[in-house]
Amino acid sequence: MLKALTFCSLLVAFTTISYGSSDKIDAFPAIGFDINLKLENFNVEQEEKVLKAADLIKRVVVSEEFKNAILNHTYRGEKTFAENNGLTNEQIYQKILEGSEDLRPGADNKMDMDLEVYFEDTITVGYTRPSVFKVWMNSKYLNKNGPAEVTTNMMHEWLHKLGFKHDLKHSDRRMNTVPYAIGYLMERLAKKMYNSRRPL
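Heads up: these notes are all about the structure in this document.

**Considerations on the side chain of asparagine 36**
Right, on to step 1. Counting through the fold element by element, asparagine 36 comes out in strand E2 (residues 34–40).
Right, on to step 2. Relative accessible area serves as the criterion here: at 18%, asparagine 36 is assigned to the buried category.
Right, on to step 3. For asparagine 36, the side chain forms a polar contact with the side chain of aspartate 112, separated by 3.1 Å.

**Concerning unusual backbone geometry**
Right, on to step 1. Phi at asparagine 85 takes a positive value of approximately 60°, unusual for a residue other than glycine.
Right, on to step 2. Mapped onto the fold, asparagine 85 is located in the loop between strand E4 (78–79) and helix H3 (89–98).
Right, on to step 3. With relative accessibility at 46%, the residue asparagine 85 sits in the partly exposed group.
Right, on to step 4. One non-glycine residue, asparagine 109, lies in positive phi territory at about 55°.
Right, on to step 5. Relative to the elements of secondary structure, asparagine 109 occurs in the loop between H3 and strand E5 (110–118).

**Quick word on H3**
Right, on to step 1. Taken as a whole, H3 has its buried residues at Asn89, Ile92, Tyr93, Ile96 and Leu97. Burial along H3 is one-sided: seen end-on, the buried residues are contained in an arc of 140°.
Right, on to step 2. Glycine 99, located one to two residues past H3, shows a positive phi value of around 65°.

**Some words on the nonpolar core**
Right, on to step 1. Counting 45 residues, the largest nonpolar core has Phe66, Ile96, Leu115, Met154, Met155 and Ile182 as the members making the most contacts within it.
Right, on to step 2. Top element by residues in this core is helix H7 (residues 178–197). It accounts for 9 residues.

**Quick look at the layout of surface pockets**
Right, on to step 1. Quantified by volume, the largest pocket comes out at close to 900 Å³.
Right, on to step 2. Every residue lining the largest pocket is counted, 31 residues in all, and those nearest its centre are Gly126, His156, Glu157, His160 and His166.
Right, on to step 3. Put simply, the parts of the chain that give the lining of the largest pocket at least two residues each are strand E6 (126–128), helix H5 (147–161) and H7.
Right, on to step 4. Here the lining of the largest pocket gets 7 residues from one element, more than from any other, and that element is H5.
Right, on to step 5. A breakdown of the residues in the lining of the largest pocket according to their chemical character gives 12 nonpolar, 10 polar and 9 charged.

Criteria and cut-off values
Residues numbered from 1 in each chain as written. Predicted model: local features only at pLDDT ≥ 70, side-chain atom pairs only at ≥ 80, totals over all residues. Heavy atoms only, no water. Helix = DSSP H or I, 4+ residues; strand = E, 2+ residues; numbered from the N terminus. Buried < 20%, exposed > 50% of the residue type's maximum accessible area, 1.4 Å probe, protein only. Polar contact = N/O pair within 3.5 Å; in protein donor to acceptor, adjacent residues only side chain to side chain. Arc of directions from axis to C-beta. Core = buried A, V, L, I, M, F, W, Y, C linked by side-chain atoms within 4.5 Å. 1 Å grid on protein atoms, 1.4 Å probe; cavity = no way out; pocket = protein on both sides within 12 Å on 5 of 7 lines; lining within 4 Å. Points joined across faces, edges and corners; volume = space filled by probe spheres on them. Nonpolar A, V, L, I, M, F, W, Y, C, P; charged D, E, K, R; others polar.

All we've got here are geometric facts, nothing functional implied.
Here it is as structure tokens:
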């Protein structure tokens, strides 16, 4: 259940942020990847953190390391992901680059996300639903996590928007689904990049 949040003068409602593709990693200059965010109920500190996370995601997605990790991901001895919707690793990577969300179809090379902050004292970091475009981020974790850790939640939930699912219960299979495996890959590479590029 969502709870009403009050941030006094720090309330940021329905802010739209668009990132250009001019800032690419030299190792993979031929690919551009943009991010469009719509933010609701974020305070200034939370917004700044999400913007840093978005910048990290944009940089990681166009990196060779991200590409190679997805293409070479193995599950049960094969180059594949669990719950892959019948797609090969190469097709999953291409689907990420195309950025065609199920509810907003059309390849535009963009991560489009509508984000809203809520608070709940649970273990849920964030969530979404198949029938809506919005993603909810729990401030319990958003406030304490750094930008690199925030990339995990953002990438995980966005991969749901591309149509990928996972089991509800923890298992090795779930950790090898597209949202979990690539979400944690994003965090790992984002931490590496964040530590080497400070300040953003």
